[in-house]
Amino acid sequence: MNDHDNNYTDNSFNLYQAYSYTLLLQLAAGSFGYAVVHQNQVLVSAQNCDLNELAHPIQLSELLTATYKKVIIGLPATALTLVPKVLFSADRACEFARFLDVKETEKVFVQTLDDQNMIIYKSDGELIEAIERFGLQNTVYTAQGWIKAIQKSNPPETCLYLEVGKNMVQFLYFSSGSLRFYNTFEFKGEDELAYFTSFVADELKLKPMQTTLVLSGDIAIGDKNMRRLADFYPRIELNWLRVLDLPGQLPAHKLLALAALSLCGSSEAV
């Protein structure tokens, strides 16, 4: 487990007490992160683990096959749509799902995203197979916790939030405390990341000199992605929001989306 990012194990961690723990799993294409939580404290965590280890655990066999009090799984989307709650009804879910061009190997999930929106999304069959034994009823959209955590922090209208992955970036913006914008983009390199950031900011009419980019995920002070963003946005900060109790050696901004899964419920599969 030493090759994984942000690897941590608390001295109090004991798998014989797994029945009182919560297991958080966050999936991405080809990799996953996990955390074991007890009474709001992170006992174990690691990120960027090989997806094969989730589907066919060897190194993590004991941890992933233990019986937990609760399991919450964050699934990424290959396509998604947001539907205002006032327009949504359960009997029309399949109609909305048709807009996603669902393939035979994909499955569609429906859940509440926030007070005003439902999210309907499809996820890759390989990822679904990897977590099916945990129960699909325990899945949520991967960004649901991240969105909830930021909304609860009373985000100002001058802030644009980014959750940066290896090749995927998520953008989030609130106005008057309500979700105004959420979307994801695949990017290759720091130039494309800066381009999509400028594109989103322009759509939201956010001026670079008056906008603060608040970053979480796979990013660090002074790395190439942050340096490129700083060429256009002089006001950049890491998101130090803490959803769970973390030891000092774990960077809060890197674990934010994973830890925030603890705020989530479950979804429904269509």
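What counts and what doesn't
Residues numbered from 1 in each chain as written. Predicted model: local features only at pLDDT ≥ 70, side-chain atom pairs only at ≥ 80, totals over all residues. Heavy atoms only, no water. Helix = DSSP H or I, 4+ residues; strand = E, 2+ residues; numbered from the N terminus. Rg over C-alpha atoms; globule rule 2.2 N^0.38 Å. Buried < 20%, exposed > 50% of the residue type's maximum accessible area, 1.4 Å probe, protein only. Lys, Arg positive; Asp, Glu negative; His and termini not counted. Charge placed at Lys NZ, Arg CZ, Asp CG, Glu CD. Phe/Tyr/Trp six-rings, centres within 6.5 Å; stacked < 30°, edge-to-face > 60°. Pairing = 2+ DSSP bridges. Axes fitted to C-alpha atoms, helices over the stretch in contact; angles between N-to-C directions. Contact = heavy atoms within 4.5 Å. Core = buried A, V, L, I, M, F, W, Y, C linked by side-chain atoms within 4.5 Å. Polar contact = N/O pair within 3.5 Å; in protein donor to acceptor, adjacent residues only side chain to side chain.

Undergrad: When you look at the overall build of the protein in this model, what are you seeing that I'm missing?
TA: What the protein contains, in helices and strands, is eight helices and 15 strands. Its C-alpha atoms give the protein a radius of gyration of 18 Å, near enough to 18 Å, the size a compact globule of 270 residues would have. Summarising its shape, the C-alpha atoms of the protein cover approximately 55 × 45 × 30 Å along the three principal directions. Expressed as a percentage of its 270 residues, the buried residues of the protein come to 50%. Averaging the locations of the 22 positively and 31 negatively charged side chains of the protein gives two centres separated by 6 Å.

Undergrad: Mind showing me how you'd approach the packing of aromatic side chains here?
TA: For any pair of aromatic rings, the description rests on two quantities: the centre-to-centre distance and the angle between the ring planes. Applying the stated criterion to the full structure yields 11 aromatic pairs. Ring plane angle 20 degrees and centroid distance 6.1 Å describe the contact between F88 and F96, whose orientation is recorded as stacked. You'll find F88 and F96 in the same group, each marked buried. Pairing F185 with F196 gives two aromatic rings, centres 4.7 Å apart and planes at 20 degrees, and the pair type is stacked. One end of the pair, F185, is in strand β12 (residues 178–186); the other, F196, is in helix α6 (residues 190–203), with 11 residues separating them in the sequence. A relative accessible area of 14% places F185 in the buried class. Residue classification places F196 among the buried positions, given a relative accessible area of 16%.

Undergrad: Would you mind going over the sheet that holds strand β10 (residues 159–164) with me for this structure?
TA: The strands making up a sheet are joined through hydrogen bonds of the backbone, oriented either antiparallel or parallel. The sheet built from five strands is open, its strands ordered β12-β11-β10-β13-β14 with mixed pairing. Each having just a single partner strand, β12 and β14 (236–238) make up the two edges of the open sheet. Each strand of the sheet is rotated relative to its neighbour by a mean of 25 degrees, with strand direction disregarded. In this structure, β10 lies alongside strand β13 (residues 212–217), joined through six bridges in parallel fashion. Bridge pairing in β13 links E163 to S216. Along the sheet, α6 makes contact with β10, β11 (168–175), β12 and β13, crossing β12 at roughly 150 degrees. The strands that helix α8 (residues 252–259) touches are β10, β13 and β14; relative to β13, the one it contacts most, it runs at about 70 degrees.

Undergrad: Whenever I open this one, the nonpolar core confuses me. Can you help?
TA: As a rule of thumb, nonpolar side chains are buried together in soluble globular proteins. Counting 65 residues, the largest nonpolar core has L25, L54 and W146 as its most contacted members. Per element, the largest residue contribution to this core is six residues, and it comes from α8. Residues V169, F181, F187 and F196 belong to the second largest nonpolar core, which totals 23 residues.

Undergrad: Please clarify how the side chain of E106 should be interpreted in this entry.
TA: Within the fold, E106 resides in the loop between α3 (93–97) and β7 (107–112). Given the relative accessible area of 14%, E106 is considered buried. Polar side-chain contacts of E106 include one of 3.1 Å to the side chain of T78. A polar contact is formed between the side chain of E106 and the side chain of K122, at a distance of 3.1 Å. Discounting chain neighbours no more than four positions away, the residues touching E106 are T78, D101, K122, S123, D124 and G125.

Undergrad: Explanation requested: the sheet that holds strand β2 (residues 22–28) in the structure shown.
TA: Within the open sheet, the six strands sit side by side as β1-β4-β3-β2-β5-β9. Their pairing is mixed. Edge positions in the sheet fall to β1 (5–9) and β9 (139–141), since each of these pairs with one other strand and no more. Averaged over all pairs of adjacent strands, the angle between strand axes in this sheet comes to 20 degrees, irrespective of strand direction. Pairing of β2 with strand β5 (residues 70–75), which is carried by five bridges, proceeds in the parallel orientation. Of the residues in β5, the one forming a bridge with T22 is K70. Relative to the sheet, α8 contacts β1, β2, β3 (31–38) and β4 (41–50), its axis offset from that of β2 by approximately 105 degrees.

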